[in-house]
Amino acid sequence: MERVGVFICHCGSNIGAVVDCARVAESVKDYPGVAFSTDYKYMCSEPGQEMIQNAIREHNLNRVVVASCSPRMHEKTFRACVAKAGLNEYMFEMANIREHCSWVHAGRNEEATEKAIDLVKMAISKVCNNEVLMKGHAPVTKRALVVGGGIAGIQCALDIANNGYQVDILERTPSIGGKMSQIDKTFPTIDCSACILTPKMVEASSHPNIKLITFAELEKVDGYVGNFEVTIRSKARSVDMSKCTGCGTCMTKCPGKADDEFNMNLRKRTAIYTPFPQAIPNKPVIDRESCLKFKSRKEGKDVCGVCAKLCPAGAIDYEQQDELFTERYGAIVMATGYEQFDHSIYGEYGYGKYPDVISGLHFERLVNASGPTQGHIVRPSDHKEPKTVVMVKCVGSRDPEHGKSYCSRTCCMYTAKQATMIRDHCPDTKVYVFYMDVRTPGKLYDEFYNRTREEYGVEYIRGRVSKIYQDGETLRVKGEDTLLGRQIEIDADMVILANAMIPNPDSERMAQIVGIGYDKDGWFTESHPKLGPVETHTAGVFLAGACQGPKDIPDSVAQAGAAAVKVCALLSKDQLETEPTVSKVDNKLCSGCGLCVPVCPYKAISLETIQERVAGKTIERQVANINGSLCQGCGACTVTCRSGAANLKHFTNAQILAEVDALCQTIL
Amino acid sequence: MDYAYFPGCSLESTGIEFHMSAKAVTKALGINLIEIPDWNCCGASSAHTRGHWISLALPARNMAIAEAAKLDVAIPCAACYARSKQVEVEVSQSAETRAKIEEIIGRPYKGESKARNLTDILYRDLGVDKIAAKVVRPLDGLNVLTYYGCLMTRPPELACDDVEDPVSLDEIMKALGANVLQWGFKTECCGGSLTACRPKVGLDMTQKILDAAIKAGADCIVTACPMCHSNLDMRQAQLAKHDHNYHMPVFFITEMIGLALGMKQKDLGVDRHFIATEEVMCKLEEYEQEQIQKMMNEGGEA
């Protein structure tokens, strides 16, 4: 016999000013199953919760409905509340009469009250069909994987390792370090990027709890929170890591040449290479695309082999192959970072054809002491020092038509930083910055921007650049000064574009491998924009750094630390509680059609063979099997299932139809 | 290759060379142009300042006649092209616009007949290989600048080529053997009709383009717009009055093709320019002689 208690919350004036709460409580008093009904100003307050618990005891209630805010807000609160009074926490339902009613129907009090009554009746009908559910348990593998070895990944791994847990860093390129290793100076302090990064790289490589897996890719992720099974492809390095001492002799005579991507193709590197002098691990790889030996092998020949002849340790191994291996992890942190937007889509900036129109990251390499020009700021075309430099902000950012709709957040500051660096290196050089807005929220950021203008004499022009074209040796930059309302033309020797940040080009594929969400631009989606900034919708997978959205170094480091805390909280448990609100399959109804298998976004469903006795014979047939630890209770399988065999616990077909019936009765 | 042909008013007056050369060249290249019977002015440069519907209805009538014959329309003039394309796009995107236009012009027009720029037809439909195959007198040694003006590529939704860096004229000129120079003025505005109503503003714009052409070291400018042609060709005399002396011949793309195809200057209208084209002709002649001399010398040595 159902004995439902109904509690209508005023939420102060949030609900009470629109919905007549007393009338709602009164009107459901005699609704089938209801044993008690009342209203109160703040149901979530301590007296409110006591009121519920007392009513449970006094009226011998076995089910409870609270009509108040969104379950996202207080479902946990009330579940705990009824559990304290001795009920199973799943014998509780919430009717959302705030977000779904009073807030959206303000001023239409009569209709809002009617709607609130309907919503409450639906909740009562549902709760009458609720069943007692118990949370499950799963063990935890006490090891974490950090995907991406940039500053976010390194920091996150260090924080996890320092908490005493094992952690692996998976890095696609031959060295950890990421974008920060390419940057010369950091804002707003102008301290050397490498000087603050390399100690962290060294710490990560020598930490007893950290294992570096470089030159490797994420191939496959199976399993679930606490028990991920990750397949990793270790790419053929052509160098035996156990033998190589990192002496660098092999690189001295290599005749193969390729564009040096670390230096933004501003110079060439050898085919056997380490990306930069402080690389970790400081052991080279052979880029098979540009290696003479591998190129000649494609033509059926076998030439060169200089590096193998030179190597004193005999570490060169041309026969190495990619290797796949599987590791188990309890948690995964995605820290795959960003890439720079390609400005060559913009015709007004010359479609990337002009050598002296460069991007911000190009400039970082130009001004770096170990870069292609030993830190001298010169034009790529003729290696002359520029006397006039024009900088253009928002290249690809805030441009929904051709680029990205979002603000890349870092460009205003890195442009200001680069402008001051030009003025420092070349005091006679004029610097102009074209901007739409200057956005410098951040500690000491606006002060830095003001110094750029006032002390360094950088001229800021509010307006867009309409065209850049080569005019003899100089670049003619045409634009608009929208503050003065006039067109301007500047003869520049070099133009630096503040290119937008975009996700790693592979981010969408990575998200699909790991099973997390991403937005229209490819940034990974956090579980809540305000209250879950490092979590994802997939339990056990966390986000750190710019893979979630444009971020500067301080924000990336902060988020990496936050992700590490979440990982440690997870790994500190011996067992994990699992939600019982998952799908189950009624084998009697399941035809084994398998439609639910590809529909499941969490790869929780597989087909299994069962034995049955039919008409005296034992037959084998296939049915869908749901892994309750993987299932997130989304319900996709239940709507796909043609025979109605799949049913989501706590949201069963019977419960949903009871709600529909309750609603239709009032309409009819 | 059959197309309806809309010459427009310019090609019967200031841009008659374009008309003559377009007809001669298309014939030689196997493109069949059928002039739209009883065509009317497309209203370019003036109608759209008077009213939206008249600016659409004027070109719509021509397009409707072509559509009845199930032909796309070849339009040499960039301004006529832009106006005709505008109505084609608007009618094909909105049933309401279509109904209103059909009511005004008193005949059906669904927007199925497409407005096509003649240069685009030569570049895309015919292809530069077919043009190159017919070249008998390559323009080798000639330094040319291509000039598209604003109407071939703007607004972007009507553009028949890349908006910021169009290439059709470049590719055709290369196929003819010319040396195509690079400059930043391909799509700058020549001043259009401003040279008539606000001469100071318009002439300044024309002057900037001519200055840049001289700086780039061009022998001549090649265009596909009669308005650009008259501004650049005709206004040089006016600029001379202000002590800006130029001698920069300006050709239509079809004149250049005609010359490379071995046609007579007179048949192409090249003799009708304000700025004499002799120097360009002489340069071609000289280059040819040089090459012949070279070949003979080499032959002698062998």
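None of the values given here were measured: they were computed from a predicted structure.

## Brief notes about the overall build of chain B
- Within chain B one finds 14 helices and 8 strands.
- Against the globule reference of 19 Å for 302 residues, chain B gives a C-alpha radius of gyration of 20 Å, in line with a compact fold.
- Overall, the C-alpha framework of chain B stretches about 75 × 45 × 30 Å when taken along its three principal axes.
- Counting over 302 residues, chain B shows a buried share of 54%.
- For chain B, contacts bridging at least 24 residues in sequence account for 76% of all contacts bridging at least 6.

## Observations regarding the interface of chain A and chain B
- Between chain A and chain B, the contact holds 8 residues from the first and 8 residues from the second.
- For the chain A and chain B pair, buried surface summed over both sides reaches about 780 Å², with 36% attributable to carbon and sulfur atoms.
- Where chain A meets chain B, there are 4 salt bridges.
- When the shortest N-O distance is used, the salt bridge between Asp165 of chain B and Lys353 of chain A registers 2.6 Å.
- Across the chain A-chain B interface, the total number found is 6 residue pairs in polar contact (both at pLDDT 80 or more).
- If you tally residues by element for the side of chain A that touches chain B, the top one is strand β24 (residues 465-471) of chain A, at 3 residues.
- Along the lines of polarity and charge, the residues of the side of chain A that touches chain B split into 2 nonpolar, 1 polar and 5 charged.

## Section: the domain arrangement of chain A
- Split into domains, chain A comes out as domain 1 (4-127), domain 2 (143-235 + 322-337 + 504-571), domain 3 (249-310), domain 4 (342-502) and domain 5 (583-649).
- The gap between the C-alpha centroids of domain 1 of chain A and domain 4 of chain A is 58 Å.

## Focus: the domain arrangement of chain B
Residue and element names in this part refer to chain B.
- Domains assigned within chain B are domain 1 (2-118) and domain 2 (137-292).
- Computed over C-alpha atoms, the centres of domain 1 and domain 2 are 24 Å apart.
- Run the count over domain 1 and domain 2 and you get 0 salt bridges.
- Seen at the junction of domain 1 and domain 2, the total is 2 residue pairs in polar contact (both at pLDDT 80 or more).
- Broken down by secondary-structure element, the contributors of at least two residues to the side of domain 1 that touches domain 2 are α1 (16-29) and α4 (78-93).
- The leading source of residues in the side of domain 1 that touches domain 2 is α1, at 10 residues.
- The residue makeup of the side of domain 1 that touches domain 2, split by class, is 17 nonpolar, 6 polar and 2 charged.

## Focus: the state of the cysteines
Residue and element names in this part refer to chain A.
- Applying the stated criterion across every chain yields a total of 1 disulfide over all chains.
- Through a disulfide, Cys192 is tied to Cys195; the S-S separation comes to 2.4 Å. Between Cys192 and Cys195, the S-S torsion sits near 85°, and that sign places the bridge as right-handed.
- Taking the relative accessible area as the measure of exposure, Cys192 reaches 24% and is therefore partly exposed.
- Classification of Cys195 by relative accessible area gives partly exposed; the value is 49%.

## Re the pairing of strand β25 (residues 474-481) of chain A
Residues and elements named next belong to chain A.
- The buried count for β25 comes to 6 of 8 residues, which makes it a mostly enclosed element.
- Where β24 and β25 come together, 6 bridges link them in antiparallel fashion. Of the residues in β25, the one forming a bridge with Tyr469 is Arg476.
- Connecting the antiparallel pair β24 and β25 is a turn made up of 2 residues, with Gly472 showing a positive phi of about 65°.

## Quick notes on helix α8 (residues 193-206) of chain A
Residues and elements named next belong to chain A.
- Over its 14 residues, α8 extends 20 Å from the first C-alpha to the last, a length consistent with the 20 Å expected when each residue adds 1.5 Å.
- When α8 is considered as a whole, its buried residues turn out to be Ser193, Ala194, Leu197, Thr198, Met201 and Ala204. Down the axis of α8, the sector holding all buried residues measures 125°, keeping them to one side.

## Description of the environment of Trp39 of chain B
Residue and element names in this part refer to chain B.
- One can find Trp39 in the loop between β2 (32-35) and α2 (47-50).
- Classification of Trp39 by relative accessible area gives buried; the value is 18%.
- As a C-alpha pair, Trp39 and Asn117 span 78 residues in sequence and 17 Å in three-dimensional space.
- Sequence-distant contacts of Trp39, that is, excluding residues within four places in its chain, are made with Phe6, Pro7, Gly8, Cys9, Glu12, Arg61 and Asn62.

## Side note on a nonpolar patch on the surface
- There is a patch of nonpolar side chains on the surface, built from Phe651, Ile656, Leu657 and Val660 of chain A and spanning about 350 Å² of accessible area.
- Tracing the sequence through the fold places Val660 of chain A in helix α19 (residues 653-667).

## With respect to the sheet that holds strand β21 (residues 388-395) of chain A
Residue and element names in this part refer to chain A.
- Spatially, the 5 strands line up as an open sheet ordered β20-β27-β21-β22-β23, and their pairing is parallel. Each edge of the sheet is formed by a strand with only one pairing partner; in this case those strands are β20 (357-359) and β23 (459-462). Strand-to-strand twist of the sheet, defined as the mean angle between neighbouring strand axes without regard to direction, takes the value 25°.
- As paired elements, β21 and strand β27 (residues 494-499) share 5 bridges and run parallel to each other. Bridge pairing in β27 links Val392 to Leu497.
- The strands touched by helix α13 (residues 411-425) are β21, β22 (430-435), β23 and β27; relative to β21, the strand with the most contacts, the crossing angle is about 170°.

## Here we look at helix α8 (residues 168-175) of chain B
Residue and element names in this part refer to chain B.
- Of all 8 residues that make up α8, 6 are buried, and the element is covered over most of its length.
- Three or more residues of α8 are buried, namely Ser168, Leu169, Asp170, Ile172, Met173 and Ala175.
- On its buried side, α8 packs onto α6 (118-126), α7 (128-134), β5 (143-147), β6 (179-180), β7 (220-223) and α12 (253-260).
- Where α8 terminates, the next one or two residues include Gly177, which has phi positive at roughly 105°.

## Looking at the pairing of β7 of chain B
All names here are of chain B.
- Residues Cys220 and Val222 point to one face of β7 and Ile221 and Thr223 to the other, with burial holding for every one of them.
- In terms of strand pairing, β7 meets strand β8 (residues 250-252) through 3 bridges, oriented parallel. Among the inter-strand pairings, Val222 is bridged to a residue of β8, identified as Phe251.
- In the classification by handedness, the crossover that spans β7, the intervening helix α11 (residues 226-241) and the parallel β8 is right-handed.

## Description of the packing of helix α3 (residues 52-68) of chain B against α4 of chain B
All names here are of chain B.
- The contact between α3 and α4 brings their axes to 8 Å, and the two run at 95°. Taken together, the axes of α3 and α4 are roughly perpendicular relative to one another. When α3 is examined against α4, the residues His52, Ser55, Leu56, Pro59, Ala60 and Met63 are found in contact with a partner set consisting of Arg83, Ser84, Gln86, Val87 and Glu90.

## A short note on the nonpolar core
- Formed by 119 residues in total, the largest nonpolar core has its most connected members in Val495 of chain A together with Met173, Leu176 and Ile257 of chain B.
- Ranked by residue count, the leading element in this core is α3 of chain B, at 7 residues.
- Each residue touching Leu176 of chain B, except ones within four places of it in the same chain, is listed here: Ile131, Val135, Pro138, Leu139, Met256, Ile257 and Ala260 of chain B.
- With 45 residues, the next largest nonpolar core counts Ile8, Val34, Val65 and Val82 of chain A among its residues.

## Notes on unusual backbone geometry
Residues and elements named next belong to chain A.
- In this structure, the amide linkage connecting Phe187 to the following residue, Pro188, adopts the cis form with an omega of -5°.
- Among the secondary structure elements, Pro188 is positioned in the loop between β8 (185-186) and β9 (191-192).
- Following Ile280, the chain continues into Pro281 via a peptide bond in cis, with omega recorded as 0°.
- Here Pro281 is to be found in the loop between β15 (272-273) and β16 (285-286).
- Residues other than glycine seldom take positive phi values, yet Asn60 does so here, at roughly 55°.
- When you line up the elements, Asn60 lands in the loop between α3 (46-58) and β3 (63-68).
- The backbone of Asn265 shows a phi angle near 60°, a positive value even though the residue is not glycine.
- With respect to the helices and strands, the residue Asn265 is situated in the loop between β13 (257-259) and β14 (268-270).
- The partly exposed category is assigned to Asn265, whose relative accessible area is 45%.

The rules behind each value
Residues numbered from 1 in each chain as written. Chains lettered and ligands numbered in written order. Predicted model: local features only at pLDDT ≥ 70, side-chain atom pairs only at ≥ 80, totals over all residues. Heavy atoms only, no water. Helix = DSSP H or I, 4+ residues; strand = E, 2+ residues; numbered from the N terminus. Rg over C-alpha atoms; globule rule 2.2 N^0.38 Å. Buried < 20%, exposed > 50% of the residue type's maximum accessible area, 1.4 Å probe, protein only. Contact = heavy atoms within 4.5 Å. Buried area = accessible area lost by both parts, 1.4 Å probe. Salt bridge = Lys/Arg side-chain N within 4 Å of Asp/Glu carboxyl O. Polar contact = N/O pair within 3.5 Å; in protein donor to acceptor, adjacent residues only side chain to side chain. Nonpolar A, V, L, I, M, F, W, Y, C, P; charged D, E, K, R; others polar. Domains from an automatic or database assignment. Disulfide = S-S within 2.5 Å. Pairing = 2+ DSSP bridges. Expected span 1.5 Å × (residues − 1). Arc of directions from axis to C-beta. Patch = residues over 30% accessible without salt bridge, like charges linked within 9 Å, V, L, I, M, F, W, Y side chains within 5 Å. Areas by Shrake-Rupley, 256 points an atom, 1.4 Å probe, with all protein chains shown as cover. Axes fitted to C-alpha atoms, helices over the stretch in contact; angles between N-to-C directions. Right-handed = clockwise from strand over helix to strand, strands pointing away. Parallel < 35°, antiparallel > 145°, perpendicular 65-115°, else oblique. Core = buried A, V, L, I, M, F, W, Y, C linked by side-chain atoms within 4.5 Å.

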